[in-house]
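Results of the structural survey
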Amino acid sequence: MTKAIQFGAGNIGRGFIGYLLKNAGYDLVFADVFDNVIDLINKEKAYTIHVKDVENEDIKVEGISAVNSTRDEIVDEIADAAIITTAVGPLNLVKIAGKIASGIEKRFEADSDKYLNIIACENAIKASESLKGYVYEKLDDEAKAYADKYVGFPNCSVDRIVPPSKNENPLDVTVENYYEWNVEEAGFKGEIPQIEGMNLVGNLEAYIERKLFTLNTGHASTAYLGSLKAYGTIDESINDPEIEDQVRKIMQESGEALIAKFGFNKEDHFAYIEKIIKRFKNPYLKDDVKRVGREPIRKLSVNERFVKPINTALEYKLPVDNLLVGLAAALNFRNNEDGQAVELEKDIENLGLEKTVEKITEIKDEKIIEKIKEIYEKLNK
């Protein structure tokens, strides 16, 4: 079988993972909830990726199809697939688990001995493992035993900036040239697929946290600090010298925690930080501050881009003053179109800042919470 299913036909699905699957020779099927997108894919059967960087390039992706991920047609596709990837957002993994479970059950009932690997390509730690948990909740014991043998859920880390863009063809996407897709080699079942651009790794945790502590922490910090100064895009924000300096200090602080934990070379890691700052400055991407800053409650949770590096740094008795600036800026994020931003603002108003911080971040240290409050009030002014 050479069929690949990409759950999520959005910018990441089309501009990153879906393209790599198609380029590897798979019969690519997108699964999405929006019928207008599905109909357009089935009509056009192609789209263009516009690479906008130092050197520009247009890449045509052809011979694609799409199905609705909420209908039974996706179950038939899963029953005949070799690989499934997702780019639906971490909070939506639970919503696609039922259909994936039904597809696995259909393979089990057909006594299929073909392997299926499911990779959740989300901005979250161990997203595939989370998806597996949701799927297994829907399976009976016999189907679970079958899945244990034939279905792999390798975790991965993904890194490519693919902002919303307006193109003549609504399916076209604009991306930066850089990308990184690291996948846990031990998580595969059966023969590992050969996909150019997929990097097989042993110690995935190091790659996941390097990306989370650096790209994700820096990106979000740029958005939240930029929002405070009423900038519209990431490149506008990072080109403010004050914000650039602060974001660099935040990433260097999280970097020291990574170096202590995983033994990364300091010179190499700090060079990696400079590469990321340069990516933020890409003038072609016009990445919206509100988009990058969305869902602040999730981004302030214990295993996410602020609290996890803070806790890691504290574990190694390293300073966190700059990381606390990023966290406090996130607490200041205001966007009436974002449900989590609205909820965060209400919690601060109703519970007070200290209790809100403890509730969302699970930080208990009173000294740290007091520092966050001081920075929050300074930024708020």
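From a predicted model like this one, the values you see are computed outputs, not experimental measurements.

A few words on the overall build of the protein. Looking only at helices and strands, one finds 17 helices and 12 strands in the protein. Buried positions account for 55% of the 381 residues belonging to the protein. Taking all contacts inside the protein whose residues are at least 6 apart in sequence as the whole, residues at least 24 apart take part in 72%. Roughly 17100 Å² of accessible area belongs to the protein as shown, and the carbon and sulfur atoms make up 45% of that amount. Each charge sign in the protein was given a centre, from 51 positive and 68 negative side chains, and these centres are 2 Å apart.

Strand order across the open sheet formed by 3 strands is β9-β11-β12, with mixed pairing between neighbours. Where the open sheet ends on each side, the last strands, each with one partner, are β9 (156–159) and β12 (198–201). Neighbour to neighbour, the strand axes of the sheet diverge by 20 degrees on average, direction disregarded. Relative to strand β11 (residues 180–184), β9 runs antiparallel, the two sharing 4 bridges. Residue pairing across strands places Asp159 opposite Glu180, the latter belonging to β11.

Okay, the nonpolar core next. Soluble globular proteins tend to pack their nonpolar side chains together in the buried interior. Within the largest apolar cluster, 50 residues are counted, with the highest numbers of intra-cluster contacts made by Phe280, Leu300, Leu327, Leu331 and Ile372. Sorting elements by how many residues they give to this core places helix α14 (residues 321–331) first, with 8 residues. Among residues more than four places away in sequence, those in contact with Leu331 are Leu300, Leu344, Ile348, Leu353, Val357, Ile372 and Tyr376. In terms of nonpolar packing, the next biggest core, distinct from the first, is built from 35 residues, Ala4, Ala66, Cys121 and Val183 among them.

Those residues carrying the UniProt feature "binding site: NAD(+)" (unreviewed entry) are Ala4, Ile5, Gln6, Phe7, Gly8, Ala9, Gly10, Asn11, Ile12, Gly13, Arg14 and Gly15 in this numbering. Here Phe7 lies in strand β1 (residues 3–7). Each residue touching Phe7, except ones within four places of it in the same chain, is listed here: Ala31, Ser69, Ile74, Ile78, Ile84, Thr85, Thr86, Ala87, Val88, Ile96 and Ile100. Residue placement: Ile12 occurs in helix α1 (residues 11–23). Not counting the four nearest positions on each side in its chain, Ile12 is found in contact with Ile17, Ala87, Arg160 and Val162.

Before going further, it helps to examine unusual backbone geometry. Of note, the phi angle at Ala230 is positive, near 65 degrees, even though the residue is not glycine. Position of Ala230 among the secondary structure elements: in the loop between α7 (204–228) and α8 (234–238). Its identity is not glycine, yet Glu295 carries a phi of approximately 55 degrees, on the positive side. Residue placement: Glu295 occurs in the loop between α11 (289–293) and α12 (296–299).

All right, on to α1 then. For α1, spanning 13 residues, the distance from its first C-alpha to its last is 17 Å, which sits close to the expected 18 Å at 1.5 Å a residue. The largest bend in α1 comes to about 40 degrees, at Ile17. Of the positions making up α1, those classed as buried are Gly13, Arg14, Gly15, Phe16, Ile17, Gly18, Tyr19, Leu20 and Leu21. Just past α1, the residue Gly25 takes up positive phi, approximately 100 degrees.

The next point concerns the environment of Gly263. With respect to the secondary-structure elements, Gly263 resides in the loop between α9 (241–262) and α10 (266–280). In the structure, Gly263 is positioned 15 residues away from Arg248 in sequence and 20 Å away in space, judged by C-alpha atoms.

Glancing now at the UniProt feature "domain: Mannitol dehydrogenase N-terminal" (unreviewed entry) in the protein. Summarizing the sequence annotation, UniProt attributes the feature "domain: Mannitol dehydrogenase N-terminal" (unreviewed entry) to residues 3–197 in the numbering used throughout. Between the C-alpha atoms that bound residues 3–197 there is a distance of 18 Å. The span itself is 34% helix and 26% strand.

Once that is clear, we can look at the sheet that holds strand β8 (residues 151–152). Ordered in space as β5-β2-β1-β6-β7-β8, the 6 strands form an open sheet in which the pairing is parallel. Whereas interior strands pair on both sides, the edge strands pair on one side only; in this sheet they are β5 (65–68) and β8. Bridge count for β1 against strand β2 (residues 27–32) is 5 bridges, and the pairing is parallel. Paired with Lys3 across the strands is Asp27, a residue of β2.

Let us now look at the environment of Asn282. Considering the arrangement of structural elements, one finds Asn282 in the loop between α10 and α11. In this structure the C-alpha to C-alpha distance between Asn282 and Ser112, which are 170 residues apart in sequence, comes to 47 Å. Once you skip the residues sitting within four places of it in the chain, Asn282 turns out to touch Lys52, Asp53, Glu176 and Asp235. One polar contact links the side chain of Asn282 to the main-chain carbonyl oxygen of Lys52, over a distance of 3.0 Å.

Moving on, we get to the pattern of salt bridges. All chains considered together, the criterion is met by 28 salt bridges. For the salt bridge of Arg298 with Glu295, the shortest nitrogen-to-oxygen distance reads 2.7 Å. Overall, the relative accessible area of 23% leaves Glu295 in the partly exposed class. Taken together, the salt bridges that share partners define one network made up of Glu205, Glu209, Lys261 and Lys308.

The rules behind the values
Residues numbered from 1 in each chain as written. Predicted model: local features only at pLDDT ≥ 70, side-chain atom pairs only at ≥ 80, totals over all residues. Heavy atoms only, no water. Helix = DSSP H or I, 4+ residues; strand = E, 2+ residues; numbered from the N terminus. Buried < 20%, exposed > 50% of the residue type's maximum accessible area, 1.4 Å probe, protein only. Contact = heavy atoms within 4.5 Å. Areas by Shrake-Rupley, 256 points an atom, 1.4 Å probe, with all protein chains shown as cover. Lys, Arg positive; Asp, Glu negative; His and termini not counted. Charge placed at Lys NZ, Arg CZ, Asp CG, Glu CD. Pairing = 2+ DSSP bridges. Axes fitted to C-alpha atoms, helices over the stretch in contact; angles between N-to-C directions. Core = buried A, V, L, I, M, F, W, Y, C linked by side-chain atoms within 4.5 Å. UniProt positions renumbered as here; feature names shortened; annotations may be inferred. Expected span 1.5 Å × (residues − 1). Bend = angle between axes of the 7 residues up to and from the residue. Polar contact = N/O pair within 3.5 Å; in protein donor to acceptor, adjacent residues only side chain to side chain. Salt bridge = Lys/Arg side-chain N within 4 Å of Asp/Glu carboxyl O.

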